[in-house]
Amino acid sequence: MTDNNSTIKENLQRFGKDIIAYFNVAEDLIPQNEAELSIRSGISFKGSQLLVLIFAIFIASLGLNTDSVPVIIGAMLISPLMGPIIGMGLAIGIADYTLLRRGLKNIFMAMLGSVVASAIYFLISPQYEGSSQLLARTSPSIYDVFVALFGGAAGILSIACKNKGQVMPGVAIATSLMPPLCTAGYGLATWQLHYFMGALYLFFTNTIFILFATWIGVKLMHYKKIVVQDTAKNKRVQAIVYSIVFITIGVSCYLTYGMIRKSLFINEATAFVEKEMVFPNTQVLNHKEYIQNGKKYIDVTLIGAALPKDSLQLAMLNKLDSVGLGGTVLNIKQGFSMSERKADKDKDFGHFYSALQSDISARQSKIDSLQNVIREHNSYSDESVSIAPEVKVLFPNIKDIAISRMVAVSTKADSGETADTVNIVFVNAPQGLTSTDREKLTQYVSVRLGEKKVNLTLNPANFPWPSKR
């Protein structure tokens, strides 16, 4: 029994070693100096590499402009942006901070040149609406982190091994470095901040995790570090890189949570509309599900026989609660069937015409009444102005005169008296008027105004006469 157990154990160990041997890359690795030479040669942008980058920018911009996937893939294949990023990962792994500074400088200049060049292109191109390829470069998530991480790992491994195959072109396509920069240029050219910031963050995410994968790969392959004079600086750089990596992962997880939440809501809301909003003589014309400012919305347009609005709204809200969509704002718009509209067309038009005529008549009556009031008021104002010079000649003692029409109403509740219109003449005559002059003035004003009864008030107290101002 003991011999059988030993045999089984030996077989398992042998099997385990065989499996591990399949993943052992030690024998396939090229010397460190050869791998470093290859990486260092691709870290700078000079001469042909700079021209290739410029051509790749315009190719990617054209692909985004025309929403062409093959053109975008072509730009990814010829783009040399992977070089500086892998170079920075190597620099951190072997503590070569001179190389790290070169890599940072070159990637920054490449990023700046790419954004400016694509912005110039989109300023003169007829692209006005964001295509699907543009929109795809503005929503980074945790999935982009994994793509960049595994892509960077494949990239550094292909450089460090003898059997390179066609890994780097695939990595260039998968990690998608050039299109986000072109999308950022589009956002800059059209002043759309969400395009610009989203695309730059996607590029930053890809860059950080390609760099991080390269750094980890260098450590696992036990590349020798250069002589480090400042160990504190080395630890500080590594701490900064770790911090950036974890912050980027956190932001990406948050964005992914929002994306998944939105996707789940849209799927559940679409299923709800298709299953629950089924009526005999009414159909759903279209529907839209979306999240705006953290609030969930479902917009539905119905066509056919009109349904009771309040009852329908209440019934659908209760069903939303039962399927876990409580709190969703449901907007229901109802159309009309063609047969109903055709049958009621003449009737509706007749009601509309009658209502319109009645409204026009009422408005005209109000206009006429107001015009009469204005005309009467203006006549009194005009007469007051024209009478003043004549009164001064006829009655030298009078300094000022005021004419007005007033409405007098009794304040007694049980008087039974109605309101009465009173014509008043106020006179400012400091030396007074004789009874004969008062009678003549009253008759004169009565004739001028065409009124039978005029009331004269002499020297009213505290009246704001023009001569006293």
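Residues numbered from 1 in each chain as written. Predicted model: local features only at pLDDT ≥ 70, side-chain atom pairs only at ≥ 80, totals over all residues. Heavy atoms only, no water.

Novice: Tell me what's going on with unusual backbone geometry, and back it up with residues and numbers.
Specialist: The phi angle at Ala95 is positive, at roughly 60 degrees, despite the residue not being glycine. Residue placement: Ala95 occurs in the loop between helix H5 (82-93) and helix H6 (97-124). In this structure Ala95 comes out as buried when scored by relative accessible area, which is 4%. Notably, Asn462 is not glycine yet its phi reads approximately 60 degrees, a positive angle. Relative to the assigned elements, Asn462 resides in the segment after strand E6 (455-458). (Helix = DSSP H or I, 4+ residues; strand = E, 2+ residues; numbered from the N terminus. Buried < 20%, exposed > 50% of the residue type's maximum accessible area, 1.4 Å probe, protein only.)

Novice: Please provide a residue-by-residue account of a nonpolar patch on the surface, values included.
Specialist: Taken together, Leu50, Leu51, Val52, Ile54, Phe55, Phe58, Val69, Ile73, Leu77 and Ile78 make up a surface patch of nonpolar side chains, about 770 Å² in accessible area. The set of elements that each furnish at least two residues to the nonpolar patch consists of helix H3 (48-66) and helix H4 (69-78). The element best represented in the nonpolar patch is H3, accounting for six residues. Among the structural elements, Phe58 can be located in helix H3. Under the relative-accessibility criterion, Phe58 is labelled partly exposed at 32%. (Patch = residues over 30% accessible without salt bridge, like charges linked within 9 Å, V, L, I, M, F, W, Y side chains within 5 Å. Areas by Shrake-Rupley, 256 points an atom, 1.4 Å probe, with all protein chains shown as cover. Salt bridge = Lys/Arg side-chain N within 4 Å of Asp/Glu carboxyl O.)

Novice: An account of the packing of H6 against helix H11 (residues 193-220) is requested, with residue identities and associated values reported.
Specialist: Where H6 contacts H11, the two axes come as close as 13 Å, and the packing angle between them is 150 degrees. Taken together, the axes of H6 and H11 are roughly antiparallel relative to one another. Considering the relative orientation of H6 and H11, their crossing is right-handed. Residue-level inspection shows Ile107, Met111 and Val115 of H6 in contact with H11, the latter providing Phe196, Leu200 and Phe203. (Axes fitted to C-alpha atoms, helices over the stretch in contact; angles between N-to-C directions. Parallel < 35°, antiparallel > 145°, perpendicular 65-115°, else oblique. Left-handed = near helix turned anticlockwise from the far one by under 90°. Contact = heavy atoms within 4.5 Å.)

Novice: Lay out the packing of aromatic side chains with the relevant residues and their values.
Specialist: Using the criterion set out here, one finds seven aromatic pairs in the structure. With a centroid separation of 5.1 Å and 80 degrees between ring planes, the pair formed by Phe122 and Tyr186 is classed as edge-to-face. Residue Phe122 is found in helix H6, and its partner Tyr186 is found in helix H10 (residues 178-190); the two are separated by 64 residues along the sequence. An identical accessibility class is assigned to Phe122 and Tyr186; each is buried. Tyr186 gets classed as buried once you look at its relative accessible area, which sits at 1%. Members of the aromatic cluster, joined through ring pairs, are Tyr121, Phe122, Tyr186 and Tyr195. One Lys or Arg, Lys288, reaches over the ring of Tyr290 and ends 5.1 Å from the middle of that ring. (Phe/Tyr/Trp six-rings, centres within 6.5 Å; stacked < 30°, edge-to-face > 60°. Lys NZ or Arg CZ within 6 Å of the ring centre and 35° of its normal.)

Novice: Quick one: what's the story with the sheet that holds strand E4 (residues 400-408), residue by residue and with numbers?
Specialist: Pairing is mixed across the open sheet formed by three strands, whose spatial order is E4-E5-E6. Looking at the sheet topology across the chains shown, the edges are occupied by E4 and E6. Averaged over all neighbouring strand pairs, the angle between strand axes comes to 25 degrees, with direction disregarded. Where strand E5 (residues 420-428) meets E6, four bridges bridge the pair, whose relative direction is parallel. What sits directly across from Phe426, in E6, is Thr457. Most of the contacts of helix H16 (residues 435-449) go to E6, to which it runs at about 130 degrees, and overall it touches E4, E5 and E6. (Pairing = 2+ DSSP bridges.)

Novice: Give me the pattern of salt bridges: which residues, what numbers.
Specialist: Oppositely charged side chains are able to pair whenever their charged atoms sit close together. Throughout the structure, instances matching the rule amount to two salt bridges. Among the ionic pairs, Asp96 bridges to Arg40, the shortest N-O distance being 2.7 Å. Of the two residues, Asp96 is situated in the loop between H5 and H6 and Arg40 in helix H2 (residues 32-41); the sequence distance between them amounts to 56 residues. Among the salt bridges present, the one from Glu276 reaches Lys319, with a minimum N-O distance of 3.3 Å. In this pair, Glu276 sits in helix H12 (residues 231-276) while Lys319 sits in helix H13 (residues 309-322), placing the two residues 43 residues apart along the sequence.

Novice: Before we move on, can you summarise the pairing of strand E3 (residues 329-334) with the specific residues and values?
Specialist: The two faces of a sheet get side chains in turn, since along a regular strand they alternate between them. Bridge analysis of strand E2 (residues 295-304) against E3 gives six bridges, and the strand direction is parallel. Bridge pairing links Val300 to Ile332 in E3.

Just distances and angles here, no functional claims.
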